[in-house]
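Notes for the structure review
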Amino acid sequence: MALSGMRGLSVFISDIRNCPNKEQERLRVDKELGNVRTRFKNEKGLTHYEKKKYVWKMLYIYMLGYDVDFGHMEAVSLISAPKYPEKQVGYIVTACLLNENHDFLRLAINAIRNDVIGRNETFQCLALTLVGNIGGREFAESLAPDVQKLLISSSCRPLVRKKAALCLLRLYRKNPDVVIVDGWSDRMAQLLDERDLGVLTSSMSLLVALVANNHNAYWICLPKCVKILERLSRNNDVPQEYTYYGIPSPWLQVKTMRALQYFPTIEDPNTRRSLFEVLQRILMGTDVVKNVNKNNASHAVLFEALALVMHLDAEKEMMSQCVALLGKFIAVREPNIRYLGLENMTRMLMVSDVQDIIKRHQAQIITSLKDPDISIRRRALDLLYGMCDVSNAKDIVEELLQYLSTADFTMREELSLKAAILAEKFAPDLSWYVDVILQLIDKAGDFVSDDIWFRVVQIVTNNEDLQPYAAVKAREYLDKPAIHETMVKVSAYILGEYSHLLAKRPGCNPQEIFSIIHEKLPTVSNSTIAILLSTYAKILMHTQPPDPQLQNQIWAIFHKYESCIDAEIQQRAVEYFTLSRKGAASVDIMAEMPKFPERQSALLKKAEDTEADTAEQSAIKLRAQQQTSNALVVTDQHPANGYPPVSQLGLVKVPSISTVDRNSEDQGVTQANGTLSVVDPQPLEPSVDVLGDLLGPLRIDGPPGAAAQSDHNLISGPEGATYVEETLALAPVGDQTNNVQPIGSIAERFQDLCLKDSGVLYEDPYIQIGIKAEWRAHHGLLLLFLGNKNTAPLVSVQALILPPSHLKIELSLVPETIPPRAQVQCPLEIINLGPSRDVAVLDFSYKFGTDVVNVKLRLPAVLNKFLQPISVSAEEFFPQWRSLSGPPLKLQDVVRGVRPMSLAEMANLFTIFPLTVSPGLDPNANNLVVSTTFYSERTRAMLCLVRIETDPADRTQLRMTVASGDPTLTFELKEFLKEQLVSIPTISQRPATAPPQVQPTTSPTALSDPGAMLAGLLH
Amino acid sequence: IHFVLLISRQGKVRLTKWYSPYSQKERTKVIRELSGLILTRGPKLCNFVEWSGLKVVYKRYASLYFCMCINQDDNELEVLEIIHHFVEILDRYFGSVCELDLIFNFHKAYYILDELLIAGELQESSKKTVARLIAAQDSLVEAAKEQASSISNMIAQATK
């Protein structure tokens, strides 16, 4: 009997219901909890029945929202009870009270496993249900194989197998690494042949989870899914009990279409055709009927079909049919359909070519913005935001502005952010943009984030034509009786900078501007006062010749705030006061703000952040994210970052990267002239700190010239140079969207590879690039191993070699996609044409999800790779040495700053390169004589001889003489060895970063007087 | 489906089932937030509410709100009909179900829900099958009880 059961429980529930108020209820609950607690304490006397009753009571109390922090143990212990009623209660209550992270669950794993593998199918069901609902990692580890067995066992009844399917789904979804599904595609395909629709529905859910993670393994399931859809849509052979309001299992239809959306495309023409027939039938055959449930069910199927059609990129005709359908939906009375119509239209925007058809519905969508239902209004806003472009921006933004004054408070912030973005992105002219933002601040100041007004200031600053207009507008708003504080900030800032452009207009002389701004001061907060002080200082400076009355007024204000408790205001007051007394000298300091470097709007970033959420990845969402990021790329131009275009790189020797970068650095300095915040240690990173940039320059502590100068010094000094270059070498270039950080130091890996022939060149969370090289004379064969570390493919893989002029490099084809967990080999053939220390660069990029990663990696095809050791006897050495009599074939150099090492260590180092050390050739034990052969196409095999003279008293310097039959080779080899001998970090950097102007012709100046140097060296 | 909630019009919780791990604190917070959001919505509005990056599909039956929480891009109508499907099964089991049935037999509601959903996915779309399985469970419990009472009778007689 259904209503049979426990009297005690019923009595308790009635008692609770009879409580007149919350306090009484709490008293009753506390009493019961006390009772249960004491009963649990002396467990001996408890019958199973009583235990069961108390556990139910606990669950009830828990459900009412009270903390139940005991008795979990008793609930869990019921699981191992021998009889069904107790076991059932144990399972259900445990599943409700605990979640996967509870420790108590571990205690039960064994009991649960026994039930899963036991013969009693009702017990199996209970166990599978619990694991399916709250199973965590440990369950996956100990139970997954058993569950898999149950799912495919032919002796199990459907009721067990459908539970097993969903249980497995849960374990897999939570811990895809623990549940082994390799080779499951055949099993999955078999499961799709299942006759029992309950099992089939559950299996389909499992398939969705599997293909969401890796569709590649499940291609064989695709035609089966289409078959199932055909069967259902024709209502062939579907048992009566599985039709829902006359529709053959709508849930199974939806799930099947969901699974199909995870396959990128359908190649087989027959399958594709049958699928489109089914979809067409769904699209055309769904009518609006009276019965709500029938309607809902059929539209659930319809909307899923729409999603699938979009995914498959059907022909234009079918697409426009879909849009027409959606257009009908957004105008119907039924709110659910309206909501879904708008939602799906937004998704539809991602399909090209239909935007125009969607635009036809603009009027209707704007009407939906006034819908009584906030869910629908939100959808409408999203859709308007998505469909906005240059052609309709004015209409849409003005509509949004109008709506702003009536919109719910919860939506205003989002609304104003979106309006601001659209206005900036699609402004037909910038004065309109300024209008929109000022209106926005006027209407919804509280909801306008700082980013919005920072941005308008940036844009005004960067567009001279706009400045007078903005100033006029700002002045107009100040006339309004009550304005929002943000408006005070913007207008004060703009008028401070540009009010002198209005001087001839009525009501705009400095005195008037000052008074109208100063009127607002008593009502504003400290952060605004700080801005006002800057404005006053600027007004004062712009008033030439000085107006003594205004001067005194403003000085009085500065004086007043000199003792302000707010440090920022105090500092400004003191500084401005002093500066403004300096008269003409202050003009430079107070000059107009320089242009801001062009940068991506912080607003777009913000919008993007709010859009990204962490939910499970899905096909639709992935597409949506790609879409947004595309939109961003279009709008962001940042020449200030100064990356040389790739084509240029291809022609120029690699070292020039650093030159170009340094130029842009210099530019940065000139641009930001007059400010102190120039020192941006990472010029490659776009700054997000708008506030810092905008307000920073207002704080002036010293003459700008000196500041800029010190920057120059910093950068051009040797330390600065290496630092800048170092960041260049380490930072993956093109990092606008690089969220991916390399693992390990790229520079160190490169350095290692210069001395070894195999190892890892680059690694990040998604990919590892390994290298294996073989060198023979002037030929080299480099194997690149591109290893995908993930369970999802890496796409848009591109590798480009930027070779220096002395290397001929041929890269075989790099595949565009690297399959999950696969490794791809790309051979690279290298021919060395002549001696040079320049380095080849691999420009490598790929995409993972929405992350576009681009790195430029130096390839370890360096000079020493083309050396081969050769030993020479004294009889061979001396004639050769003497015949190469002097520059440019024989060069001598004194090297200072050598890292201290013993002679043996140095000899060791040479051997690694590889050079042959010939002991005993030099009579002086402090000297080394070294020989090697260099191979290149131009020089062929060429003998190189080196003599190192060290000073035992001072290990940090030595004299080096290098000789070979080719002047370039002699020079390059000498420089190379020098780099290796001075301290380590520079070694790795130098080959790529040496300035290109260092060429053989210019260098010998250093050795103009070898004799003197030798004297200095040897005393 | 992340979780299922049954809330009465007065904001009393009648059933909760969590398929994603929420701690006790989070659970209370979710219930509080959602009651505020859903109970205040008028009739004739759509059955979907967007909430903290997720979506809640709800439907009101008499004085009870049935709510299910899903991801943004899940199929809303499908879930709406899962709710209705659940209600129909309850209806069939209790014979024209009312809130009181669910209050005093909340455990039965849990049994039924477990036959309908596992891991937040629909397990069985046939009302008949679910009804059959629940009936089988009930009879198992009955059988055990009879057995138990006969044993206790025997013990009682033996110890007389």
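Since the model is a prediction, treat every value here as computed from it, not as a measurement.

Quick look at the overall build of chain B
When helices and strands are counted, chain B shows 5 helices and 7 strands. Ordered by position from N to C terminus, the α and β elements of chain B give β-β-α-β-β-β-α-α-α-β-β-α. In chain B, which comprises 160 residues, the share counted as buried stands at 61%. For chain B, the proportion of contacts with a sequence separation of at least 24, taken over those separated by at least 6, is 46%.

Observations concerning the packing of aromatic side chains
Following the criterion strictly, the structure yields 30 aromatic pairs over all chains and no others. On the numbers, 5.5 Å between centres and 90° between planes, the contact of W56(A) with F106(B) is edge-to-face. With W56(A) in helix α3 (residues 48-63) and F106(B) in helix α4 (residues 106-116), this pair bridges two chains. Here the two residues W56(A) and F106(B) agree in accessibility, since each one is buried. Put simply, the rings of F12(A), W56(A), Y60(A), F106(B), Y110(B) and Y111(B) pair up and form one aromatic cluster. Taking the ring centre of W881(A) as reference, the NZ or CZ of K890(A) above it sits at 4.1 Å.

Some remarks on the packing of helix α23 (residues 430-444) of chain A against helix α25 (residues 466-479) of chain A
All names here are of chain A. For the pair α23 and α25, interaxial distance at closest approach is 10 Å and the crossing angle is 25°. As far as their axial angle goes, α25 and α23 are roughly parallel. For the crossing formed where α23 meets α25, the hand is right-handed. Together, L430, S431, V434, D435, L438, Q439 and D442 of α23 and L466, Y469, A470, K473, A474 and Y477 of α25 make up the contact between the two elements.

Comments concerning the pairing of strand β5 (residues 64-71) of chain B
Residues and elements named next belong to chain B. With 8 of 8 residues buried, β5 lies mostly within the body of the structure. Where strand β1 (residues 3-8) meets β5, 6 bridges bridge the pair, whose relative direction is antiparallel. Note on β5: the bridge partner recorded for I7 is Y65. The pairing of strand β4 (residues 54-61) with β5 spans 8 bridges and is classified as antiparallel.

A short note on the environment of Y469(A)
Residue and element names in this part refer to chain A. The topology assignment puts Y469 in helix α25. When the C-alpha positions of Y469 and L430 are compared, they lie 9.9 Å apart, and in sequence the two are 39 residues distant. Filtering out sequence-adjacent residues up to four positions away, Y469 remains in contact with S431, V434 and D435.

Observations regarding the interface of chain B and chain A
In this complex, chain B contributes 70 residues to the contact, which on the side of chain A involves 83 residues. Together chain B and chain A conceal approximately 6600 Å² of surface at their shared face, both sides included; 53% is due to carbon and sulfur atoms. Ranking the residues of chain B by area buried against chain A places D73(B), L77(B) and F106(B) at the top, with a combined share of 10%. A salt bridge links E343(A) to K55(B), with the nearest nitrogen and oxygen atoms 2.3 Å apart. Summed over the shared surface of chain B and chain A, the number is 37 residue pairs in polar contact (both at pLDDT 80 or more).

A short note on the pattern of salt bridges
Pairing of side chains with opposite charge becomes possible as their charged atoms draw close. Tallied over the entire structure, the rule returns 57 salt bridges over all chains. The closest approach of N and O atoms between R379(A) and E50(B), which form a salt bridge, is 2.7 Å. Of this pair, R379(A) sits in helix α20 (residues 374-387) while E50(B) sits in strand β3 (residues 48-51), which puts the two residues in different chains. Taking the relative accessible area as the measure of exposure, R379(A) reaches 8% and is therefore buried. For E99(B), the salt bridge is made with R14(B), and the minimal N-O distance between the two is 2.9 Å. Taken together, the residues span a long stretch of sequence, with E99(B) in helix α3 (residues 99-104) and R14(B) in strand β2 (residues 13-18) at a distance of 85 residues. Residue classification places R14(B) among the buried positions, given a relative accessible area of 9%. Each of R378(A), R379(A), D382(A), E414(A), K418(A) and E50(B) takes part in salt bridges that share partners, so that together they form one network.

Some remarks on unusual backbone geometry
Residue and element names in this part refer to chain A. With an omega dihedral of 15°, the bond running from F913 to P914 counts as a cis peptide bond. Positionally, P914 belongs in the loop between α41 (903-912) and β13 (916-917). One non-glycine residue, S796, adopts positive backbone phi at about 50°.

Looking at the confidence of the model for chain A
Residues and elements named next belong to chain A. On average, chain A scores 76 in pLDDT, and the residues at 70 or more come to 81%. No element of chain A has a lower mean pLDDT than helix α34 (residues 646-651), at 31, and none a higher one than helix α13 (residues 250-260), at 92. Counted against residues more than four places away or in other chains, residues 612-737, with its pLDDT under 50, gives 178 contacts. Under a pLDDT of 50 for its full length, residues 985-1019 has, in the predicted model, 51 contacts with residues more than four places off or in other chains.

Here we look at the sheet that holds β3(B)
Spatially, 5 strands are ordered β2-β1-β5-β4-β3 (chain B) in an open sheet, and the strand pairing comes out antiparallel. Every interior strand has two partners, whereas the edge strands, β2 and β3 of chain B, have only one. The average undirected angle you get between the axes of adjacent strands in this sheet is 20°. On top of the sheet, helix α17 (residues 335-348) of chain A reaches β3 and β4 of chain B; it is set at about 45° to β3(B), its chief contact.

Examining the side chain of E230(A)
Inspection of the secondary structure assignment puts E230(A) in helix α12 (residues 221-233). Not counting the four nearest positions on each side in its chain, E230(A) is found in contact with S274(A) and V278(A).

Looking at the side chain of R258(A)
Along the chain, R258(A) falls in helix α13. Using a relative accessible area of 15% as the deciding quantity, one classes R258(A) as buried. A distance of 2.8 Å separates polar atoms of two side chains, one belonging to R258(A) and the other to E304(A). Contact partners of R258(A), with chain neighbours within four places excluded, come to V208(A), E304(A), D73(B), D74(B) and N75(B).

A closer look at the confidence of the model for chain B
Across chain B, the average pLDDT comes to 86, with 94% of residues at or above 70. Among the scores for the predicted complex, ipTM is 0.92 and pTM is 0.62.

Rules of the game
Residues numbered from 1 in each chain as written. Chains lettered and ligands numbered in written order. Predicted model: local features only at pLDDT ≥ 70, side-chain atom pairs only at ≥ 80, totals over all residues. Heavy atoms only, no water. Helix = DSSP H or I, 4+ residues; strand = E, 2+ residues; numbered from the N terminus. Buried < 20%, exposed > 50% of the residue type's maximum accessible area, 1.4 Å probe, protein only. Contact = heavy atoms within 4.5 Å. Phe/Tyr/Trp six-rings, centres within 6.5 Å; stacked < 30°, edge-to-face > 60°. Lys NZ or Arg CZ within 6 Å of the ring centre and 35° of its normal. Axes fitted to C-alpha atoms, helices over the stretch in contact; angles between N-to-C directions. Parallel < 35°, antiparallel > 145°, perpendicular 65-115°, else oblique. Left-handed = near helix turned anticlockwise from the far one by under 90°. Pairing = 2+ DSSP bridges. Buried area = accessible area lost by both parts, 1.4 Å probe. Salt bridge = Lys/Arg side-chain N within 4 Å of Asp/Glu carboxyl O. Polar contact = N/O pair within 3.5 Å; in protein donor to acceptor, adjacent residues only side chain to side chain. pLDDT = per-residue confidence, 0-100.

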